[in-house]
Amino acid sequence: MSEGQLITSPKEIMLMFRRIQARLSPITIRPRESGLSLTSYLLEIDAENRQLVLDEALPRNRNHLLQDGRPLILETLYDGCRLTSTEVVAKVVTSAQGELHYSIPLPKKLHYLQRRQSFRAPVRTMLDIMARLPDASYDMIHGRLKDLSVDGCRLEFNGDLSTELVPGQIPLPLTLIFPNTSQLELHLVLLRVDYNDTRQKTYCGCRFEALNGSQRARVANLVTDLQRDQINHERHGGDPTGTPVLFIPGEKSVFMETEVKSSPGPTPSSPSQAQAQSKATDNPRQLSALQLQTLDAPVDIRRAHQSAVIAMKDLVAALRVQKLLPIEQAQEAAHNLLRAWMQDRQHLILLTRMRTADNFLFEHSIAVGVLLADFVAFKQADQIRPESLERLIFSGLCHDLAKSLITEGIEDKNLIPTDDRVIELREHMDDLISQLARIPGVPKETLVITRQSLERLDGSGLPKGLMAAEMHPLGKLAAVIDTYDTLSHRWLKEDVHFHPLLAIKQMLGMPDQLHTASIRHLIAQQGRFPLGSTVRLNDQTLGLVMRQDENQQPTHLRLVYSLANTSAFPSRDIDLRDSNLSIEASSDPVKPGISSSLLRLPLRS
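Only a predicted model underlies this, so the values are computations on that prediction, with no experimental measurement involved.

**Q** Quick rundown of unusual backbone geometry? Include the residues and the values.
**A** Negative phi characterises most residues that are not glycine, and trans characterises most peptide bonds. Of note, the bond from Leu58 into Pro59 is cis; its omega dihedral lies within 30 degrees of zero at -5°. Considering the arrangement of structural elements, one finds Pro59 in the loop between β5 (51-54) and β6 (72-78). A cis geometry characterises the amide bond from Leu462 onward to Pro463, with omega recorded as 5°. Within the secondary structure, Pro463 is located in the loop between α9 (444-452) and α10 (473-487). Phi angles above zero are rare outside glycine, and Arg50 is one such case at about 55°. Considering the arrangement of structural elements, one finds Arg50 in the loop between β4 (42-46) and β5. With relative accessibility at 37%, the residue Arg50 sits in the partly exposed group. Notably, Gln552 is not glycine yet its phi reads approximately 65°, a positive angle. Relative to the helices and strands, Gln552 resides in the loop between β21 (541-548) and β22 (554-562).

**Q** Account for the sheet that holds strand β20 (residues 534-537), with residues named and values stated.
**A** Pairing in this open sheet of 5 strands is antiparallel, and the strands run β23-β22-β21-β20-β24 from one edge to the other. Looking along the sheet, the strands with just one partner apiece sit at the ends: β23 (567-575) and β24 (583-586). Strand-to-strand twist of the sheet, defined as the mean angle between neighbouring strand axes without regard to direction, takes the value 35°. As paired elements, β20 and β21 share 3 bridges and run antiparallel to each other. Its bridge partner lying in β21, Val535 is registered against Gly543.

**Q** Go over the side chain of Arg558 with me, naming the residues and quoting the values.
**A** Its location among the elements puts Arg558 in strand β22. Classification of Arg558 as buried rests on a relative accessible area of 0%. One polar contact links Arg558 to Asp573, side chain to side chain, over a distance of 2.8 Å.

**Q** Hey, could you go over the packing of helix α7 (residues 386-398) against α9 for me, with residue numbers and the actual values?
**A** When two helices pack together, their arrangement is captured by the angle between the axes and the distance separating the axes. Contact pair α7 / α9: the axes reach a minimum separation of 9 Å and the direction vectors enclose 40°. Pair α7 / α9 crosses with right-handed handedness. For the pair α7 and α9, the contacting residues are Arg391, Leu392, Phe394, Ser395 and Cys398 in the first and Glu445, Thr446, Ile449 and Thr450 in the second. For the contact of α7 with α9, the class distribution of residues is 4 nonpolar, 3 polar and 2 charged.

**Q** Let's hear about the pattern of salt bridges: which residues, and what values?
**A** All told, the structure shown has 22 salt bridges when counted by the stated rule. In this structure, the salt-bridge partner of Arg558 is Asp573, at a minimum N-O distance of 2.8 Å. Here the residue Arg558 occupies a position in strand β22, and Asp573 occupies one in strand β23, the gap between them amounting to 15 residues. Asp573 shares its class with Arg558; the two are buried. The structure contains a network of salt bridges with shared partners spanning Asp128, Arg144, Lys146, Glu156 and Lys201.

**Q** Tell me about helix α11 (residues 500-508), and please be specific about residues and values.
**A** Spacing of three or four residues puts side chains on the same side of an α-helix, whose turn is 3.6 residues. By the burial criterion, the buried members of α11 are Pro500, Ala503, Ile504 and Met507. One side of α11 carries all its buried residues, which in axial view fall inside an arc of 100°. Looking at the buried positions of α11, the neighbouring elements they touch are α10, β19 (495-498) and α12 (516-526).

**Q** For the pairing of strand β15 (residues 172-177), give the residues involved together with the corresponding values.
**A** The pairing of strand β12 (residues 130-134) with β15 spans 3 bridges and is classified as antiparallel. The partner of Met130 across the bridge, within β15, is Ile177. Relative to strand β16 (residues 183-196), β15 runs antiparallel, the two being bridged by 6 bridges. Bridge assignment links Leu174 to a residue of β16, and that residue is Leu186. Linking two consecutive strands that pair antiparallel, namely β15 and β16, is a turn of 5 residues; a positive phi of about 75° is found at Thr181 within it.

**Q** I'd like a description of the sheet that holds strand β9 (residues 100-105), backed by residues and values.
**A** Read from one edge of the open sheet, 4 strands run β4-β5-β9-β8, paired in antiparallel fashion. On the outer flanks of this sheet lie β4 and β8 (91-94), each paired with one strand and no other. Going across the sheet, the axis of each strand differs from the next one's by a mean of 30°, ignoring polarity. As judged from the 4 bridges shared by β5 and β9, these two strands associate in the antiparallel manner. Note on β9: the bridge partner recorded for Leu54 is Tyr102. Sheet strands touched by helix α1 (residues 10-22): β4 and β5. Its angle to β4, the strand with the most contacts, is close to 145°.

**Q** Any chance you could break down α10 for me, citing the residues and the numbers?
**A** With 15 residues, α10 extends 21 Å from end C-alpha to end C-alpha; this agrees with the ideal 21 Å at 1.5 Å per step. For α10, the tally of buried residues reaches 14 of 15 residues, placing the bulk of the element in the interior.

**Q** Any chance you could break down the environment of Ala318 for me, citing the residues and the numbers?
**A** Turning to its location among the elements, Ala318 is positioned in helix α3 (residues 301-320). Given the relative accessible area of 9%, Ala318 is considered buried. Among all residues touching Ala318, those that are not within four sequence positions of it are Lys323, Leu324, Leu325 and Pro326.

**Q** Run through the pairing of strand β18 (residues 489-492), naming residues and quoting values.
**A** Alignment of β18 against β19, held across 4 bridges, turns out to be antiparallel. What sits directly across from His489, in β19, is Phe498. With antiparallel pairing between neighbouring strands as the criterion, β18 and β19 make up a hairpin whose turn holds 2 residues, including Lys493 at a positive phi of roughly 60°.

**Q** Which residues make up the packing of α9 against α10, and what values go with them?
**A** For the pair α9 and α10, interaxial distance at closest approach is 8 Å and the crossing angle is 55°. The angle between the axes of α9 and α10 places the two elements in the oblique class. Note that α9 runs across α10; the crossing there is right-handed. Here α9 contributes Glu445, Val448, Ile449 and Gln452 to the contact with α10, which in turn contributes Leu474, Gly475, Ala478 and Ala479. Taken together, the residues of the contact of α9 with α10 sort by class into 5 nonpolar, 2 polar and 1 charged.

**Q** Explain the packing of aromatic side chains residue by residue, including any values.
**A** Taken as a whole and judged by the stated rule, the model has 1 aromatic pair. Pairing Phe360 with Trp491 gives two aromatic rings, centres 5.8 Å apart and planes at 70°, and the pair type is edge-to-face. One end of the pair, Phe360, is in helix α6 (residues 360-379); the other, Trp491, is in strand β18, and 131 residues separate them in sequence. Its relative accessible area of 5% is what places Phe360 among the buried residues.

Criteria and cut-off values
Residues numbered from 1 in each chain as written. Predicted model: local features only at pLDDT ≥ 70, side-chain atom pairs only at ≥ 80, totals over all residues. Heavy atoms only, no water. Helix = DSSP H or I, 4+ residues; strand = E, 2+ residues; numbered from the N terminus. Buried < 20%, exposed > 50% of the residue type's maximum accessible area, 1.4 Å probe, protein only. Pairing = 2+ DSSP bridges. Axes fitted to C-alpha atoms, helices over the stretch in contact; angles between N-to-C directions. Polar contact = N/O pair within 3.5 Å; in protein donor to acceptor, adjacent residues only side chain to side chain. Left-handed = near helix turned anticlockwise from the far one by under 90°. Contact = heavy atoms within 4.5 Å. Nonpolar A, V, L, I, M, F, W, Y, C, P; charged D, E, K, R; others polar. Salt bridge = Lys/Arg side-chain N within 4 Å of Asp/Glu carboxyl O. Arc of directions from axis to C-beta. Expected span 1.5 Å × (residues − 1). Parallel < 35°, antiparallel > 145°, perpendicular 65-115°, else oblique. Phe/Tyr/Trp six-rings, centres within 6.5 Å; stacked < 30°, edge-to-face > 60°.

As structure tokens, then:
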């Protein structure tokens, strides 16, 4: 818990918690020696008394762990980094409305640790990639590279160097020397230094610092080469034809001016197998290889959705004034949305089916990201990893940012912009893609989806008018999901009505523009009566689909309207399996005026 930079400035700590409160970031609470955890949210900050007020924690049956005065560990995310505070004690506070809250002193110190979410490629045992680094006295020491990601690495040194290598925020020059004698020079920050007494070796966890676009691309290529080399040795015994050129010992010195080049050939897929056993509550295929691990402490799904809206607004605000985009905040929002999806997929999808006029663009982007991850998780359950799903959600948040720069773009509900806006939107899309490409940490999926979600197979899309053969498979999928979410929401004045059947009919009539196979996979995954859709029952009432079984068949409905009396009635929830009712068909919610805001109500058992 002592890893990372130590923050002791009261002013800085106060500012951090104010941003955590504004972003609705979940706070994980871990009572010491219990092995359990809870999740809460920061309700208010009492600056005068230097107290933080937290909401009642989830799950509620563990709140007693916070009421016995035991020391607690608080953990949350701040700009993509982990903030940790130890030895905190909570005091029970009851509000004027009788609600249970907790008051804790403002921490006097915080540990600030960079998360490393990207895939770590290990260096096989017999592959020596030498690392050269200056110690505290600026004497050069030599070790080995143990693993590598696009964000950082782990280094190994002989002997106890814990006094010579000290974690800190000062960037140090690193030189990697490959078997063919090529070299790569980078800068890094030491995050942690550990000495293993048994092996008599020192291990360093490092984060790369100030990488430019070229350096980042070289590191990414090297990660790919390490994966390729590992698979080559596991499957083919180290066939020389499959060994990247960097890893073949050279007979003479070849200096490439720090240029790391990948050998030709396809990039293999090598997802790591998660070790934790978990339940995939709503996936009929059980997401076997994905092995999603729901955290002990649940997140508030509604707040995770709200925090994503806040992150979207901050992205748009920065984009409009040409400031650096707060990518870390959007990545944090994507991380929390993934946790919400893992915890209760159907609840989160229901929330994404709702719209408000003021937040249409933000809510649409969140829905596209969640649906992209949901689609891929079902279709590629034996291959996908949680990190990949998080990148897809993040890509959805970014895919339509360019629309916020055109007049009334945030409230615009049209799939295709009018002719007078096409040129303006194309320019904004080009500028956005260029800006995203320059930001370290933006995944390649985001660039593909942002470039191609408005493209069409017949070349009629934006921004480049690509034809089918020129589009990436992920771009084709993004175009289908973006269209589905837009066409399935119908507006009447300021009210929204979710009608997915209408969207599917229109999309199937666009085979020249949209990828038909993806549409059909989407239909199968959503089911005949998708979550949030309106259905007609055999007693001539209308209801909203609130829950489905593992075969995408509705199990719980919210009854809201009587066709016989042509009037709405107070909504009530039913379990279709325990009733004599049956669904006859899908229904158009526009004529009776059934607003998707009814989905906001909690499902009553």
